[in-house]
Protein chains: 2
Amino acid sequence: MGGCLVVIQNSGMTDARLPLIIYSPAGLVPSAAPVRKATKRLTALGFDVTVDTSALSKQQRFAGDDDVRLAALHRIAGAAPSVALATRGGYGLTRLLDRIDWPLIARSIERGTAWVGYSDVTALQLAALAHKAAGPHKVEEGTTAGFWAGPMACDDFGRADSSEGGDDVTQDCFVEAMAGDLEAIGFRTEVGFDGLDVSGRLWGGNLAVMQSMLGTPHFPQIKKGILFLEDVNEHPYRIERALLQLHQSGILAQQKAIVLGAFTEYRKSPLDRGYNLKTVIAYLRSLTATPILTGLPFGHVPTKVCMPIGRQTNLLVQGRDALLLW
Amino acid sequence: MGGCLVVIQNSGMTDARLPLIIYSPAGLVPSAAPVRKATKRLTALGFDVTVDTSALSKQQRFAGDDDVRLAALHRIAGAAPSVALATRGGYGLTRLLDRIDWPLIARSIERGTAWVGYSDVTALQLAALAHKAAGPHKVEEGTTAGFWAGPMACDDFGRADSSEGGDDVTQDCFVEAMAGDLEAIGFRTEVGFDGLDVSGRLWGGNLAVMQSMLGTPHFPQIKKGILFLEDVNEHPYRIERALLQLHQSGILAQQKAIVLGAFTEYRKSPLDRGYNLKTVIAYLRSLTATPILTGLPFGHVPTKVCMPIGRQTNLLVQGRDALLLW
């Protein structure tokens, strides 16, 4: 399902170092090492890095209790750095949704903050859309301000198993996105979508997190959008069940296109007998007329692109080459 | 969390053998042995057992493709036996919900059928409530007709590891329920609910299946109800996330009480650091004023009670003894 990545680059990174704050909104960071490594790597990439005071807090499985993590989120929003980068996901953001000061988040975006992350951070991103805190704001063309589906500090800049702390394509894409130079991402999709040309608001993220928001006031009502999805540790039948729920809720039919990223690290069952991700996608395609594309380089995989959530986006396919432009 | 079970028995089983059909609405049955064993055991318990023609069908991980399983469901509804008992759960019923002939299901209940099962069968039970196919119907007092949360053929009557094929309490409770003699179930709950006395429609089932129906037209709108829940293979953080979704959707606040059964077979994580099912329940109790009781003998455990779904029920607690009466 992985696809070749084409990043359209307009110019290099600006000389001014962009202020970037690393913070922890969800799961705890087990050790300081990946945060140190990410700080070093992000500094080398040209950012002016600060680690939030509670980034390494621990309470049970969380990076501090709800009050601590909520205060961190509001503190970052108040500081309004150019980039607010989550350390990692895990679980914890849905716990905060009822208490987040959405106008404060909206103001941070008006002041130019790009909030970046994936996985559990999907909860923040989608709820911000639902609470009109993600824009559109009166910000200039080509701004980076808003919510970005993209890497996280520990996962993508702080890995011990890489000399540079992460995947080059992921890091280059992130640097370009944060510099305001990323206008599109490209990937290789399956045959059958040649000539597809649709436009809509780009939204989505982690399927299980999205599923856990359905029916709540934090779930955004996006029609005629381009919905991207990824997940990890979920058996194909669970992926299907969640997609089926989106279908039965009318959400798939309301979209211009569905774009699937990586669905990884699940354990097969001896009862599957040929049932797999391919049959799941074929089944979903039999239910909905909305095009379902695969191959988006995004998810719990080393190589992931950056995408602006809520932004008006054009999905173009030529042969097997797909392009998401904003 | 397990509790002591008290079954109120009014009379013995009637002499007439109740027609019972074993069928497969969801996952495939890997071998015929448990169905044979269940047939033998259920016959010994006084039922006139038939195994549906497609009960052992196989297509990928399903007991036949969607058409085959849908036809089985409609065939059983048409036959309207006293008892329609699922072989097992797995995954498959949500696939059928858009296509089920609900008036046909409703007529089977008018004709006296008790549909029994749990786990994935929750999808059928809740959707029947949503589509007004589960009652109330013009049926006599003390009828067994309707949907019952209860055992399944393979899991509870067909186990190879038991000389009798299953748990005695589960089987006795089932026999009494199907004979129309079960008017209440009792269990031992935690301290703190002494004197609780609430009434409402009984509904619920498997938490993950219920979660996968939220936002769809198949999710019932039950207010002032008594909601019971169980799950298997779900880490406490996932149980919490799903319960939090029910809270954020307003569903917990709309209920008179939440009654938790067994949540079993999950794998702990080294990152939990004291986070567990107990802390999850304490957290949920801090969010909602609705009483959340534990100890219901129901779920993916050998000892499980039978409960009539959608029936007006009274929940009484004296000391730590809880009673659900209908």
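Before reading on, note that the structure itself is shown above.
Residues numbered from 1 in each chain as written. Chains lettered and ligands numbered in written order. Predicted model: local features only at pLDDT ≥ 70, side-chain atom pairs only at ≥ 80, totals over all residues. Heavy atoms only, no water.

Colleague: How should I be thinking about the overall build of chain A in this particular structure?
Modeller: For chain A, the helix and strand inventory stands at nine helices and 14 strands. Radius of gyration (C-alpha) of chain A: 19 Å, near the 20 Å computed for a compact globule of 326 residues. Here the C-alpha coordinates of chain A stretch approximately 50 × 45 × 40 Å along the principal axes. With 326 residues in all, chain A has 62% of them scored as buried. Per element, the accessible surface of chain A, about 12,000 Å² overall, is 50% carbon and sulfur. (Helix = DSSP H or I, 4+ residues; strand = E, 2+ residues; numbered from the N terminus. Rg over C-alpha atoms; globule rule 2.2 N^0.38 Å. Buried < 20%, exposed > 50% of the residue type's maximum accessible area, 1.4 Å probe, protein only. Areas by Shrake-Rupley, 256 points an atom, 1.4 Å probe, with all protein chains shown as cover.)

Colleague: Is there a simple way to explain the pattern of salt bridges in this structure?
Modeller: It is possible for side chains of opposite charge to pair when their charged atoms get near one another. Within this structure, the stated rule accounts for 22 salt bridges over all chains. We note a salt bridge from A:Arg95 to A:Asp66, for which the minimum N-O separation is 3.1 Å. In this pair, A:Arg95 sits in the loop between strand S4 (83-86) and helix H3 (102-110) while A:Asp66 sits in helix H2 (residues 66-79), placing the two residues 29 residues apart along the sequence. Comparing A:Arg95 with A:Asp66 shows no difference in burial state: the two are buried. As a salt-bridge pair, B:Glu190 and B:Arg285 come within 2.9 Å of each other at their nearest N and O atoms. Here B:Glu190, found in the loop between strand S7 (182-188) and strand S8 (197-206), pairs with B:Arg285, found in helix H9 (residues 277-287); they are 95 residues apart in sequence, far enough to count as distant. For B:Arg285, a relative accessible area of 29% translates into the label partly exposed. (Salt bridge = Lys/Arg side-chain N within 4 Å of Asp/Glu carboxyl O.)

Colleague: What's the story with the interface of chain A and chain B in this structure? I'm lost.
Modeller: You'll often see interface size given as the accessible area lost when the parts meet. The partner chain B presents 44 residues to the 44 residues of chain A that form the contact. Here chain A and chain B share an interface that buries about 3,700 Å² over both sides, 49% of which is from carbon and sulfur atoms. Broken down residue by residue, the surface that chain A buries against chain B is led by A:Arg61, A:Arg241 and A:Gln248, which jointly contribute 19%. Joining chain A to chain B, the criterion identifies six salt bridges. B:Arg95 serves as the salt-bridge partner of A:Glu240, at 2.6 Å between the closest nitrogen and oxygen. In terms of residue count, the dominant contributor to the side of chain A that touches chain B is helix H8 (residues 236-248) of chain A (eight residues). Looking at the side of chain A that touches chain B, its residues break down into 15 nonpolar, 16 polar and 13 charged. (Contact = heavy atoms within 4.5 Å. Buried area = accessible area lost by both parts, 1.4 Å probe. Nonpolar A, V, L, I, M, F, W, Y, C, P; charged D, E, K, R; others polar.)

Colleague: Can you help me understand the packing of H2(A) against H3(A) in this one?
Modeller: Relative orientation and spacing of two packed helices are given, respectively, by the angle between their axes and the distance between those axes. Residue and element names in this part refer to chain A. For the pair H2 and H3, the least separation of the axes is 8 Å and the interaxial angle reads 35°. Crossing angle aside, the handedness with which H2 passes H3 is left-handed. Between H2, through Leu73, His74, Ala77 and Gly78, and H3, the contact on the second element is made entirely by Leu104, Ile105 and Ser108. (Axes fitted to C-alpha atoms, helices over the stretch in contact; angles between N-to-C directions. Left-handed = near helix turned anticlockwise from the far one by under 90°.)

Colleague: Could you clarify how one ought to interpret the sheet that holds strand S12 (residues 307-309) of chain B in this entry?
Modeller: Within a sheet, each strand pairs with its neighbour through backbone hydrogen bonds, oriented either parallel or antiparallel. Residue and element names in this part refer to chain B. Taken together, the six strands give an open sheet; going across it, the order is S3-S2-S4-S5-S6-S12, and neighbouring strands pair in mixed fashion. Every other strand in the sheet has two partners, leaving strand S3 (47-51) and S12 as the edge strands with one partner each. Here the strands of the sheet are splayed against their neighbours by 30° on average, with no regard to which way each runs. Summarising the sheet, strand S5 (residues 114-117) and strand S6 (residues 146-149) pair through four bridges and their orientation is parallel. When the sheet's bridge partners are listed, glycine 117 is paired in S6 with alanine 149. Contacting strand S2 (18-23), S3 and strand S4 (83-86), helix H1 (residues 33-44) runs over the sheet at an angle of about 160° to S3. (Pairing = 2+ DSSP bridges.)

Colleague: Any chance you could explain the packing of aromatic side chains here in plain terms?
Modeller: The geometry of an aromatic ring pair is captured by the separation of the ring centres together with the interplanar angle, meaning the angle of the planes. Going through the model one piece at a time under the given rule, you end up with 22 aromatic pairs over all chains. Members of the aromatic cluster, each reached through a chain of ring pairs, are A:Phe62, A:Tyr91, B:Tyr237 and B:Tyr275. Across from the ring centre of B:Tyr275, 5.6 Å away, lies the NZ or CZ of A:Arg61, which sits over that ring. The aromatic ring of B:Tyr283 is capped on one face by A:Arg95, whose charged end is 3.6 Å from the ring centroid. (Phe/Tyr/Trp six-rings, centres within 6.5 Å; stacked < 30°, edge-to-face > 60°. Lys NZ or Arg CZ within 6 Å of the ring centre and 35° of its normal.)

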